[in-house]
Amino acid sequence: MKSDIMYIGVDVSKKRLDVFMPANEKTHQPQSITLANDTTGYRELRRLARKHRATVCCEPTAGFEYPLIAFMHAAKVPIAYTPGYRVRSFAKSIGELHKNDKIDARMISRYAEMANPTPLEEKDHNQIHLAKQW
């Protein structure tokens, strides 16, 4: 089931964000970009998400995603988690056996299109942050 929401897939690592934006009425072509995993990168991702009225999606990644989640919440940009094992199973099911950061970002976006994940709420971010400290 295809959603009407645009999902921007983000593969988060310690130093960078690999971002995939699917084609839509404005872009007509899918787009892959790499941004810094810092405030400058978050601002550009916020700009893109607002421009396309998109939900940002990422996988849990050893806590590297926490600052991104907090930034998007503060900016009132919807952000959702996609379970890594499900994204990987989805990729295999459509024959995508290769794996790298750009492919992962694309698979996160495509999986989210199908699964339509619920955006995290601010309280979810607080619970994630507390769990990180244990």
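Small disclaimer: the values here were computed from a predicted structure and weren't measured.

Conventions and cut-offs
- Residues numbered from 1 in each chain as written.
- Predicted model: local features only at pLDDT ≥ 70, side-chain atom pairs only at ≥ 80, totals over all residues.
- Heavy atoms only, no water.
- Pairing = 2+ DSSP bridges.
- Helix = DSSP H or I, 4+ residues; strand = E, 2+ residues; numbered from the N terminus.
- Axes fitted to C-alpha atoms, helices over the stretch in contact; angles between N-to-C directions.
- Contact = heavy atoms within 4.5 Å.
- Parallel < 35°, antiparallel > 145°, perpendicular 65-115°, else oblique.
- Left-handed = near helix turned anticlockwise from the far one by under 90°.
- Nonpolar A, V, L, I, M, F, W, Y, C, P; charged D, E, K, R; others polar.
- Buried < 20%, exposed > 50% of the residue type's maximum accessible area, 1.4 Å probe, protein only.
- Core = buried A, V, L, I, M, F, W, Y, C linked by side-chain atoms within 4.5 Å.

Student: Please explain the sheet that holds strand 2 (residues 16-21) as it appears in this structure.
Tutor: Here five strands make up an open sheet; going across it, the order is 3-2-1-4-5 and the pairing mixed. For this open sheet the edge positions go to strand 3 (31-36) and strand 5 (79-81), each flanked by a neighbour on one side alone. Between one strand axis and the next, the sheet turns by 25 degrees as a mean value, whatever way the strands run. Pairing of strand 1 (residues 6-12) with strand 4 (residues 54-58), which is carried by five bridges, proceeds in the parallel orientation. The partner of Gly 9 across the bridge, within strand 4, is Cys 57. Contacts between helix 4 (residues 101-115) and the sheet are confined to strand 1, strand 2, strand 3 and strand 4, with strand 1 contributing the most and set at about 145 degrees to the helix.

Student: I tried to follow the packing of helix 1 (residues 39-52) against helix 2 (residues 66-74) on my own but got confused; where do I start?
Tutor: Two measures define how a pair of helices packs: the angle their axes make with one another and the distance between the axes. Contact pair helix 1 / helix 2: the axes reach a minimum separation of 10 Å and the direction vectors enclose 50 degrees. Taken together, the axes of helix 1 and helix 2 are oblique relative to one another. As helix 1 runs across helix 2, the sense of the crossing is right-handed. Here Thr 39, Tyr 42, Arg 43, Leu 45 and Arg 46 of helix 1 lie close against helix 2, whose contacting residues are Pro 67, Leu 68, Phe 71 and Met 72. Considered class by class, the residues forming the contact of helix 1 with helix 2 number six nonpolar, one polar and two charged.

Student: Could you clarify how one ought to interpret helix 2 in this entry?
Tutor: Structural remark: α-helix, 3.6 residues per turn; residues separated by three or four positions point the same way. Of all the positions in helix 2, only Tyr 66, Leu 68, Ile 69, Phe 71, Met 72 and His 73 are classed as buried. Lys 76 sits one or two positions beyond helix 2 and adopts a positive phi of about 60 degrees.

Student: Is there a simple way to explain the packing of helix 3 (residues 84-93) against helix 4 in this structure?
Tutor: Between helix 3 and helix 4, the least distance of the axes is 9 Å, while the angle of their chain directions is 95 degrees. In terms of orientation, helix 3 and helix 4 fall into the roughly perpendicular class. The residues of helix 4 that touch helix 3, namely those facing Arg 86, Val 87, Phe 90 and Ala 91, are Met 107, Ile 108, Arg 110, Tyr 111 and Met 114. Of the residues contributing to the contact of helix 3 with helix 4, the split by class is seven nonpolar, no polar and two charged.

Student: Help me understand the nonpolar core in this model?
Tutor: Nonpolar side chains in soluble globular proteins generally cluster together in the buried interior. Grouped together as the largest cluster of nonpolar side chains are 23 residues, with contacts concentrated most on Ile 8, Val 10, Leu 17, Leu 45 and Leu 68. Excluding anything up to four places from it in sequence, Ile 8 contacts Val 19, Phe 20, Met 21, Leu 45, Leu 48, Ala 49, Ala 54, Thr 55, Val 56 and Cys 57. Listed in part, the 11 residues of the second largest apolar core include Tyr 7, Ala 80, Ile 108 and Tyr 111.

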